[in-house]
Amino acid sequence: ARMVFDMIDVDNSGTLVKQEIIQAVSSDQKVIDFLVNCGNPNLQYLLVPARLELALNQLDTDSDGEIDACEWEQAIEAALKAKLEQRRAQREKAAAADRKEIEEFTAEFLNAARECFQLIDKDDSGTLTKDEIVKSVKTDDDVINFLQNCGEENLMFLLEPKRLDRALNVLDTSKDGEVDVEEWEEAIQRGLKVRLAQLAEERERRE
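Fair warning: this is a prediction, and the values are worked out from it, not measured in the lab.

Participant: What is the right way to read unusual backbone geometry from this model?
Facilitator: Note: most peptide bonds trans; most residues except glycine with negative phi. One non-glycine residue, serine 63, adopts positive backbone phi at about 55 degrees. Of note, serine 63 is situated in the loop between α5 (49-59) and β2 (67-68).

Participant: What is the right way to look at a negative patch on the surface in this model?
Facilitator: A cluster of acidic side chains, namely Glu201, Glu202, Glu204 and Glu207, defines a negative patch on the protein surface. The residue glutamate 204 is located in helix α11 (residues 181-206) in this model. The class of glutamate 204 is exposed, set by a relative accessible area of 60%.

Participant: I'm lost on the packing of aromatic side chains in this one. Help?
Facilitator: Here the distance between the centres and the angle between the planes together describe a pair of aromatic rings. Tallying each qualifying case throughout the model produces 4 aromatic pairs. Between the aromatic rings of phenylalanine 5 and tryptophan 72, the centroid separation amounts to 5.7 Å while the plane-to-plane angle is 65 degrees, which identifies the pairing as edge-to-face. On the criterion of sequence distance, the pair formed by phenylalanine 5 in helix α1 (residues 2-8) and tryptophan 72 in helix α6 (residues 69-120) is long-range, its members being 67 residues apart. Classification of phenylalanine 5 as buried rests on a relative accessible area of 0%. Assessed through its relative accessible area of 2%, tryptophan 72 is described here as buried. On the numbers, 6.1 Å between centres and 20 degrees between planes, the contact of phenylalanine 105 with phenylalanine 109 is stacked. You can see phenylalanine 105 and its partner phenylalanine 109 sitting in helix α6, 4 residues apart, about one turn around the helix. Classification of phenylalanine 105 by relative accessible area gives buried; the value is 19%.

Participant: Teacher, can you tell me more about the layout of surface pockets here?
Facilitator: Each pocket or cavity is described by its volume, and for the largest pocket that value is around 250 Å³. Around the largest pocket sit 14 residues that line it, and Glu108, Phe109, Ala112, Asn145 and Phe146 are the ones nearest its centre. Mapped by element, the contributors of at least two residues to the lining of the largest pocket are α6 and α8 (141-148). Looking at which element gives the most residues to the lining of the largest pocket, the answer is α6, with 7 residues. In terms of residue class, the lining of the largest pocket is made up of 8 nonpolar, 2 polar and 4 charged.

Participant: Explanation requested: the environment of cysteine 70 in the structure shown.
Facilitator: Positionally, cysteine 70 belongs in helix α6. Given the relative accessible area of 55%, cysteine 70 is considered exposed. Taking the C-alpha atoms as reference, cysteine 70 lies 23 Å from valine 48; in sequence the two are 22 residues apart.

Participant: Whenever I open this one, the nonpolar core confuses me. Can you help?
Facilitator: Nonpolar side chains in soluble globular proteins generally cluster together in the buried interior. Ranked by internal contacts, the top residues of the largest apolar core, which has 26 residues, are Phe146, Leu147, Leu155, Leu158 and Trp184. Of all the secondary-structure elements, those providing two or more residues to this core are α6, α7 (130-139), α8, α10 (161-171) and α11. Sequence-distant contacts of phenylalanine 146, defined by excluding residues within four places in its chain, comprise Phe109, Ala112, Ala113, Cys116, Trp184 and Ile188. With 20 residues, the next largest nonpolar core counts Ile8, Val31, Leu52 and Leu56 among its residues.

Participant: Is there a simple way to explain the side chain of arginine 195 in this structure?
Facilitator: With respect to the secondary-structure elements, arginine 195 resides in helix α11. Look at arginine 195: it is buried, it has no salt bridge, and the nearest opposite charge is glutamate 202 at 4.8 Å. There is a polar contact of 3.0 Å between the side chain of arginine 195 and the backbone oxygen of asparagine 149. Apart from the residues within four sequence positions on either side, arginine 195 is in contact with Phe105, Phe109, Asn149, Cys150 and Gly151.

Participant: Can you help me understand the packing of α6 against α11 in this one?
Facilitator: When two helices pack together, their arrangement is captured by the angle between the axes and the distance separating the axes. Here α6 crosses α11 at 145 degrees, and the two axes come no closer than 10 Å. In this structure, the crossing between α6 and α11 has a hand that is right-handed. Along the contact surface, α6 presents Asp98, Glu101, Ile102, Phe105, Thr106, Phe109, Leu110, Ala113, Arg114, Cys116, Phe117 and Ile120, while α11 presents Val181, Trp184, Glu185, Ile188, Gln189, Gly191, Leu192, Arg195, Leu196, Leu199, Arg203 and Arg206. Across the contact of α6 with α11, the residue classes tally to 14 nonpolar, 3 polar and 7 charged.

Rules used throughout
- Residues numbered from 1 in each chain as written.
- Predicted model: local features only at pLDDT ≥ 70, side-chain atom pairs only at ≥ 80, totals over all residues.
- Heavy atoms only, no water.
- Helix = DSSP H or I, 4+ residues; strand = E, 2+ residues; numbered from the N terminus.
- Patch = residues over 30% accessible without salt bridge, like charges linked within 9 Å, V, L, I, M, F, W, Y side chains within 5 Å.
- Areas by Shrake-Rupley, 256 points an atom, 1.4 Å probe, with all protein chains shown as cover.
- Salt bridge = Lys/Arg side-chain N within 4 Å of Asp/Glu carboxyl O.
- Lys, Arg positive; Asp, Glu negative; His and termini not counted.
- Charge placed at Lys NZ, Arg CZ, Asp CG, Glu CD.
- Buried < 20%, exposed > 50% of the residue type's maximum accessible area, 1.4 Å probe, protein only.
- Phe/Tyr/Trp six-rings, centres within 6.5 Å; stacked < 30°, edge-to-face > 60°.
- 1 Å grid on protein atoms, 1.4 Å probe; cavity = no way out; pocket = protein on both sides within 12 Å on 5 of 7 lines; lining within 4 Å.
- Points joined across faces, edges and corners; volume = space filled by probe spheres on them.
- Nonpolar A, V, L, I, M, F, W, Y, C, P; charged D, E, K, R; others polar.
- Core = buried A, V, L, I, M, F, W, Y, C linked by side-chain atoms within 4.5 Å.
- Contact = heavy atoms within 4.5 Å.
- Polar contact = N/O pair within 3.5 Å; in protein donor to acceptor, adjacent residues only side chain to side chain.
- Axes fitted to C-alpha atoms, helices over the stretch in contact; angles between N-to-C directions.
- Left-handed = near helix turned anticlockwise from the far one by under 90°.

Here it is, written out as structure tokens:
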């Protein structure tokens, strides 16, 4: 900011007069780029001929017809404050959007998990037997699609005949030969954790 002031102040007087400003904003690309991105409307209006006079009046707080270093610094400080506030607002907006995305994804995932359990549980017993699982992973596209993308390796292994028994043994923590709702939910929560981590990685790539 100080360097830009010095670039405009071609006579090294320590103040900026209207003619110096007009010359700089007409010909010096570094000055132009700085003003475009500075964040202070009055400084930006120096680039707009129709608004230049009004902007100068606002910047020239002591009304002596020139902009001194103090007045310039005040404008820069205001610009910095505005930029920081803008960034804070952007961060808050992004964080709110992230929270919403996570909440929506979680709700959708858990609903799909419950529906998958119900689709496998053909006799509505509240538990899943090996026979029910084997039949579903061969014939039910909704079950297959969910398990393929659930994020929990043992649930995914239910789709592979050679790994199915081992996966069931891990999922069946009570060792009663069936997977009940609680055991299913435990696996689903592990899968959800993985899927949310993947979602976070996708979000970082988008940003």
